[in-house]
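One-letter residues, chain by chain:
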Amino acid sequence: MVVDQSFLKVKKYFLLIIFFLLFASKSYSNNYKFTKIIELNEPWGSSFINNEEIIITEKGGKIKIVNVVSKEISEIKHDLNFLEVGQGGLLDIIHQDNVLWISYSENRGDSKTSTSIAKASLNKQELNFKNIFQANPPIDSGYHFGSRLAIKGDYLYASVGERGQGMIAQDPTKHPGSIIRIHTDGRIPKDNPKFKGKKNWLPEIYQIGVRNPQGLTLSDYDGKIYLSNHGAKGGDWFGEAKKGENYGWKILGWGGKNYSGTKIGPKWKRGFTKAIQYWVPSIATSAITIYKGNEFKEWNGHALVTSLKDKSLRKLIFNDLTNAKEDLIFKNNVGRIRDIQVHPSNGKIFFLSENALWLMEKN
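Description of the pairing of strand 17 (residues 236-240)
1) Next: In terms of burial, strand 17 is largely enclosed, as 5 of its 5 residues are buried.
2) Next: Strand direction decides the pairing type here: strand 16 (residues 225-230) and strand 17, joined by 4 bridges, are antiparallel. The residue bridging Asn-229 from the neighbouring strand is Trp-237, located in strand 17.
3) Next: Linking strand 16 back to strand 17 in an antiparallel pair, the connection comprises 5 residues, with Gly-234 at a positive phi of about 100 degrees.
4) Next: Judged from the 3 bridges that link them, strand 17 and strand 18 (residues 277-279) form a sheet pairing that is antiparallel. Paired with Phe-238 across the bridge in strand 18 is Gln-277.

So, the pattern of salt bridges
1) Next: Following the criterion strictly, the structure yields 20 salt bridges and no others.
2) Next: Note that Lys-224 and Glu-240 form a salt bridge whose closest N and O atoms lie 3.8 Å from each other. Remark: Glu-240 occurs in strand 17 and Lys-224 occurs in the loop between strand 15 (212-218) and strand 16; sequence separation between them is 16 residues.
3) Next: Since its relative accessible area comes to 34%, Lys-224 is described here as partly exposed.
4) Next: For Glu-240, a relative accessible area of 16% puts it in the buried group.
5) Next: In this structure, the salt-bridge partner of Lys-331 is Asp-310, at a minimum N-O distance of 3.1 Å. Remark: Asp-310 occurs in the loop between strand 20 (303-307) and strand 21 (312-317) and Lys-331 occurs in strand 22 (residues 325-331); sequence separation between them is 21 residues.
6) Next: Using a relative accessible area of 39% as the deciding quantity, one classes Lys-331 as partly exposed.
7) Next: With relative accessibility at 12%, the residue Asp-310 sits in the buried group.
8) Next: The network of salt bridges with common partners includes Asp-310, Arg-314, Glu-326 and Lys-331.

Remarks on the side chain of Thr-217
1) Next: Relative to the elements of secondary structure, Thr-217 occurs in strand 15.
2) Next: On the accessibility criterion, Thr-217 (11% relative accessible area) is buried.
3) Next: Not counting chain neighbours up to four residues away, the residues in contact with Thr-217 comprise Ala-150, Lys-224, Ile-225, Tyr-226, Ile-288, Thr-289 and Ile-290.

Notes on the nonpolar core
1) Next: Core analysis: the largest hydrophobic core is formed by 20 residues, its most contacted members being Leu-227, Trp-237, Tyr-247 and Trp-254.
2) Next: Residues contacting Leu-227, with those up to four places away along its chain left out, are Ile-179, Val-210, Pro-213, Gly-215, Leu-216, Trp-237, Phe-238, Gly-239, Glu-240, Ala-241, Tyr-247 and Ile-288.
3) Next: Core analysis: the second largest hydrophobic core is formed by 19 residues, Trp-299, Leu-304, Ile-337 and Phe-351 among them.

Observations regarding the side chain of Asp-339
1) Next: Along the chain, Asp-339 falls in strand 23 (residues 337-342).
2) Next: A polar contact is formed between the side chain of Asp-339 and the side chain of Ser-46, at a distance of 2.7 Å.
3) Next: A polar atom in the side chain of Asp-339 sits 3.4 Å from the side chain of Gln-341.

Notes on the environment of Arg-336
1) Next: Checked against the element boundaries, Arg-336 lands in the loop between strand 22 and strand 23.
2) Next: It is 9.2 Å that separates the C-alpha atoms of Arg-336 and Asn-355, two residues lying 19 residues apart in sequence.
3) Next: Within the structure, the side chain of Arg-336 is placed 3.1 Å from the side chain of Glu-354, a separation counted as a polar contact.

Some thoughts on the pairing of strand 7 (residues 99-107)
1) Next: Taken across its 9 residues, strand 7 has 8 buried, putting it largely inside the fold.
2) Next: In the sheet, strand 6 (residues 90-96) pairs with strand 7 via 5 bridges, with the strands oriented antiparallel. Looking at strand 7, one finds that His-95 is bridged to Leu-100.
3) Next: Here strand 6 hands over to strand 7 after 2 residues, with Asp-97 in that stretch at a positive phi of 50 degrees.

Some details on the sheet that holds strand 9 (residues 126-127)
1) Next: Here 5 strands make up an open sheet; going across it, the order is 2-3-4-5-9 and the pairing mixed. Strands with a single pairing partner mark the edges of an open sheet, and in this sheet they are strand 2 (43-48) and strand 9.
2) Next: The pairing of strand 4 (residues 63-67) with strand 5 (residues 73-78) spans 4 bridges and is antiparallel. Across the sheet, residue Val-66 finds its bridge partner in strand 5, namely Ile-73.

The rules behind these values
Residues numbered from 1 in each chain as written. Predicted model: local features only at pLDDT ≥ 70, side-chain atom pairs only at ≥ 80, totals over all residues. Heavy atoms only, no water. Buried < 20%, exposed > 50% of the residue type's maximum accessible area, 1.4 Å probe, protein only. Helix = DSSP H or I, 4+ residues; strand = E, 2+ residues; numbered from the N terminus. Pairing = 2+ DSSP bridges. Salt bridge = Lys/Arg side-chain N within 4 Å of Asp/Glu carboxyl O. Contact = heavy atoms within 4.5 Å. Core = buried A, V, L, I, M, F, W, Y, C linked by side-chain atoms within 4.5 Å. Polar contact = N/O pair within 3.5 Å; in protein donor to acceptor, adjacent residues only side chain to side chain.

Pasting the structure below:
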């Protein structure tokens, strides 16, 4: 039997390509063990309240405490005036010193909603919230609420989406499309941009020009606030929150296009904040954290970026801002990833997918 040598050569190269795609990419998912802790219904935000319990929001309106050891679940009553519409509902939640802060789509009447923030003392039976911020104006839209929360000392940072309104993110007399900075009790810091040369800015606004920022976190290593942001068709990014600056939406497209395929604007230009890392095409960036812990101690100080569409976890080494290094840690292991939390004592990682709480640890 005569074998066509050209066929064998093509087959050899084909097998080499398959081998590279399967084994040679920077994905290390075989090194980790994934465990589904419990099933949930569209969970959105989470925060550890102690070493065994994590508090979780579900977009549809429920707040739950999950014991990650026993897997017991309890639901807490609350009095939030929320409206589940489109991408809105109960959003992020953060716990510190027996106090909770939550972001949510507040029902403002006549089908209008805002990305709002409320505060309550932790009570495992019933939560009585008090609003400390409303994004104005309220808008009739189910798109782009944001919204993540981060605490730095006595300051609460929050990301507010532009509600699909585009150029509203360039209007500092309106909250949508901005990063908010207030005190943890809702008071306005006297050194916010409005009081430092930006007289026409609303007093709560720290930075403008974002689209749909669903990641926000404090780095314990440099004390800076970092965020991730959805582009449109491409143009997702990871960057630093910078006082009084402008990320450029919708003057800039960050490398992406409108969903219709038309151009938006340049990736970046002078006068605007430059992101640390961009993704084109879009991976649908969601929650982020700057890792600090023992389980993956080799990652300490690195950014972990989760994604929805791409269903992946990516690690960024960004000490050299001109040359961030990215590793794909895993893809398709837990589905679309909405949130990420690092266990406060052992450093193991917990994810919220579309319908579950997951644990990731080393094999």
